[in-house]
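Fold and geometry: a report
Here's the letter readout for the chains.
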Amino acid sequence: MRTPAIEVKDLRKCYDKVIALDDISFTVEQGTITALLGGNGAGKTTTLAILLGLLLPSSGQVRVLGVDMVHHRYQALARMNFTSPYVDLPHRLTVRENLDIYARLYNVARRRQRIDELAALLDLKDLLQRPSGSLSSGQKTRVALAKALLNQPQVLLLDEPTASLDPDSTERIRGYLLDYQRGSNATVLLASHNMLEVERLCDQVHILKQGRIAAQGTPQALLEQYGRQTLEQVFIDIARGTPE
Amino acid sequence: MKTVIASVERITALVIRYLYLLRGSWPRVIELAYWPTVQMILWGLINTFLARHSDWVAQAAGLFIGAVLLWDVLFRAQLGVAVVFLEEMWSRNLGQLFVTPLRPWEWLTALMMISLLRTLVGVGAAAGLAILLYRYSIFAMGFPLLAFFFNLLVMGWSIGLVVIALILRYGLGAEGLAWALIFAIAPISGIYYPVSALPPWVQPIALALPSTHVFEGMRDLLIGGEFSWLHFNWAVGLNGMYLLLAGMVLLWSFHTARQRNLFLQLGE
């Protein structure tokens, strides 16, 4: 049996008296796309931050690619990457300069070639010489994704990767993600509010509510379990506490 | 060996990024030299005036110009460290940076290299102008200048690390500390007057600062013509201790940031 790419066991995170994560456990198998769903403040971003080693849990265990992320995160970080709406790239630098800096930080071999490959893949060729601050939301999302793919990560953590994008840009981003995941057999964990995206992309879904896992399974299994046609309906049922 | 090369590349990445930032913004470049130059011109005029009316000042050419240039080494060194950190916060890049394989010590090395660069450019320009305007060359101090320079540089780094720790802990609302904190030590560092001019109860506090020993040493050199090894040794010893303490404070603030999710949610 293969080691899961991500293992979370009894994970708890408290800020003073507020419980952000309440003893959650889940695993993400290698080569799959898994969604973390949940309303605002459900604990999605907190979970991703702990998986990246940016945030320390109050208790519990987190392993990514077999590495304990609380104590030995540097052993895994070179093989991971992420995007988040909470971070940005320096606006005055051009897209190529920003990507070049991150390629250096990830010690990517043949940086120029890799950036050109990603520029071709993500339709960024015309943007490479533009300052990052001058890009539209959709263009910024594509650049953020290029940054996240620079080191050909085995584990990709995506926090709302298509938030605030128009349907065309959203569809293109989904396509890029799917191509990358299939081409590299990478493991993708994405936090999203977009149920359609989750239905189309994900093999597994974990739905968080108030820091706990309220439901988990394949999208199809969840639809059957709740007797619903769409994940959005399942999500609303769980959010409002409607019984299965 | 592979690990060392990887570390060097990551440090280089951050230095290059700062150079990109400078290249793309001429106000940033001008700002580097603006205040050191204005300060130097002001104190040069005061020096010229006082030299005609004070034997003490007259016996040491450019006493105040040397003092203000060395003070700017300290100020620029700490500002260099703190501002580069603030640039990361302003561009919301900190969270992204700390999930790369970049180690904290590599990040600190890059900050210090950038700080050195900023200080050399800023103070170097003012020092060059002092030669043209007042025919005073700080470089005439010779090798002792290097001792003064590096001691002030290291002290500036220590203060800069503490400023970073405070901003990391309290958010951008504390960013003013990057410019203000260092001025708390200016009155007791004896920049323009000897430490004996301070009230007796303040003098031991003043002598606990490496900067005080540098400025006392500078006056010994300019007025007495001798390099004070005593002041030099005190400055080095104190700097070693403060740099260690500042590093510990920064590590503590990193730990706190990882407990409170501050790397992704830094704000007011």
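Residues numbered from 1 in each chain as written. Chains lettered and ligands numbered in written order. Predicted model: local features only at pLDDT ≥ 70, side-chain atom pairs only at ≥ 80, totals over all residues.

**Comments concerning the overall build of chain A**
Spelled out, the test is: Comment: elements are numbered from the N terminus, with helices defined as DSSP H or I runs of at least four residues and strands as E runs of at least two. Our radius of gyration looks at C-alpha atoms and nothing else; its globule reference is 2.2 Å times the residue count to the power 0.38. Partly exposed residues are those whose C-beta has more than 12 but fewer than 20 other C-beta atoms within 10 Å; 20 or more makes a residue buried and 12 or fewer makes it exposed, with C-beta atoms placed from the backbone. By definition, residues are in contact whenever their C-beta atoms, placed on the basis of the backbone, come within 7 Å of each other.
Across its full length, chain A holds 9 helices and 10 strands. The C-alpha radius of gyration of chain A comes to 18 Å, within 12% of the 18 Å expected for a compact globule of 244 residues. Within chain A, the proportion of its 244 residues that are buried is 48%. Across chain A, the fraction of contacts at a sequence separation of at least 24, relative to all contacts at a separation of at least 6, is 65%.

**A few points about the overall build of chain B**
Scanning chain B from terminus to terminus reveals 11 helices and 0 strands. Secondary structure elements of chain B, listed N to C terminal, follow the sequence α-α-α-α-α-α-α-α-α-α-α. Compactness check: chain B gives a C-alpha radius of gyration of 19 Å against a globular reference of 18 Å for 268 residues, within 12% of the reference. Along the first, second and third principal axes, the C-alpha set of chain B runs to 60 × 40 × 40 Å. Once local pairs closer than 6 in sequence are excluded, the contacts in chain B between residues at least 24 apart make up 75%.

**Quick word on the domain arrangement of chain A**
Residues and elements named next belong to chain A. Put simply, the rule is: Residue ranges for the domains originate in an automatic or database domain assignment.
When its domains are assigned, chain A resolves into domain 1 (1–79 + 153–244) and domain 2 (88–152). Taken together, the contacts link 12 residues of domain 1 with 12 residues of domain 2. Per element, the largest residue contribution to the side of domain 1 that touches domain 2 is 5 residues, and it comes from helix H6 (residues 167–184).

**Structural notes on the sheet that holds strand S1 (residues 6–15) of chain A**
Residue and element names in this part refer to chain A. What counts, and what does not: Pairing between strands is defined by DSSP: at least two bridges between them are needed. Working convention: axes come from line fits to C-alpha atoms, limited for helices to the stretch in contact. Angles between N-to-C directions cover 0 to 180 degrees.
Taken in spatial order, the 4 strands line up as S2-S1-S4-S5 in an open sheet, and their pairing is antiparallel. Of all the strands in the sheet, just strand S2 (18–28) and strand S5 (67–68) have a single pairing partner and so form its edges. As judged from the 7 bridges shared by S1 and S2, these two strands associate in the antiparallel manner. Bridging across to S2, Ile6 finds its partner in Val28. In the packing of helix H1 (residues 44–52) onto the sheet, the strands contacted are S1, S2 and strand S4 (59–64), and the crossing angle to S1 comes to about 115°.

**Considering the sheet that holds strand S8 (residues 187–192) of chain A**
Residue and element names in this part refer to chain A. Taken in spatial order, the 6 strands of this open sheet run S6-S7-S8-S3-S9-S10, and their pairing is mixed. Only two strands of the sheet have a single neighbouring strand rather than two, namely strand S6 (80–83) and strand S10 (212–217). For this sheet, the mean angle separating the axes of adjacent strands, direction not counted, is 15°. When strand S3 (residues 33–38) meets S8, the two strands line up parallel, connected through 5 bridges. By the bridge assignment for S8, Ala35 is matched with Leu190. Sheet contacts for helix H8 (residues 219–226): strand S9 (204–209) and S10; angle to S10, the most-contacted strand, approximately 105°.

**As for the interface of chain B and chain A**
It is common to report an interface's size as the accessible area lost on association of the parts. This is how the line gets drawn: Gly falls in the polar group here, along with every residue not listed as nonpolar (Ala, Val, Leu, Ile, Met, Phe, Trp, Tyr, Cys, Pro) or charged (Asp, Glu, Lys, Arg).
Contact with chain B, which involves 29 residues of that partner, is made by 27 residues of chain A. Those elements that provide at least two residues to the side of chain B that touches chain A are helix H1 (2–23), helix H5 (94–97) and helix H11 (229–260) of chain B. Broken down by element, the side of chain B that touches chain A gets its largest block of residues, 9 residues, from H1(B). Across the side of chain B that touches chain A, the residue classes tally to 11 nonpolar, 11 polar and 7 charged.

**Let's talk about the packing of H1(B) against helix H6 (residues 104–134) of chain B**
All names here are of chain B. Basically, it comes down to this: Throughout this description, any angle smaller than 35 degrees is read as roughly parallel, any larger than 145 degrees as roughly antiparallel, any in the 65 to 115 degree range as roughly perpendicular, and the remainder as oblique. Crossing chirality is assigned from the near helix's rotation relative to the far helix, an anticlockwise turn below a right angle marking it left-handed and a clockwise turn marking it right-handed.
With their axes 9 Å apart at the nearest point, H1 and H6 run at an angle of 40° to one another. Put simply, H1 runs oblique to H6. Crossing geometry of H1 relative to H6 is assigned as right-handed. In this structure, H1 uses Ser7, Arg10, Ile11, Leu14, Val15 and Tyr18 to contact H6, whose residues at the interface are Glu106, Trp107, Thr109, Ala110, Met113 and Ile114. Here the residues of the contact of H1 with H6 sort into 8 nonpolar, 2 polar and 2 charged.

**What to know about the confidence of the model for chain B**
As a note on interpretation, predicted positions should not be read in detail where pLDDT is low. All names here are of chain B. Counted only if it meets this: One number per residue, pLDDT, summarises how confident the predictor is, and it ranges from 0 to 100.
Averaged over all residues, the pLDDT of chain B equals 91, while 98% of them reach at least 70. In the model of chain B, helix H3 (residues 55–58) stands out as the element of lowest mean pLDDT, 73, in contrast to helix H9 (residues 203–206), which has the highest, 96. Scoring of the predicted complex yields 0.89 for pTM and 0.88 for ipTM.

**Observations regarding the nonpolar core**
Rules: Put simply, a nonpolar core is buried Ala, Val, Leu, Ile, Met, Phe, Trp, Tyr and Cys residues tied into one set by C-beta atoms within 7 Å.
Core analysis: the largest hydrophobic core is formed by 148 residues, its most contacted members being Leu157(A), Leu69(B), Leu70(B), Leu152(B) and Ile164(B). The leading source of residues in this core is helix H4 (residues 63–90) of chain B, at 18 residues. Each of domain 1 (1–79 + 153–244) and domain 2 (88–152) of chain A contributes no fewer than three residues to this core. Ignoring anything within four residues of it in the chain, the contact list for Leu157(A) reads Leu48(A), Leu51(A), Leu52(A), Met80(A), Phe82(A) and Leu189(A).

**Examining helix H7 (residues 143–170) of chain B**
Residue and element names in this part refer to chain B. Rule in force here: Multiplying 1.5 Å by the helix residue count minus one yields the expected span of that helix.
The end-to-end C-alpha distance of H7, which contains 28 residues, comes to 41 Å, matching closely the 40 Å that a straight helix rising 1.5 Å per residue would cover. H7 sits mainly inside the fold: 21 of its 28 residues count as buried. Where H7 ends, the next residue or the one after it, Gly171, has phi of about 85°, a positive value.

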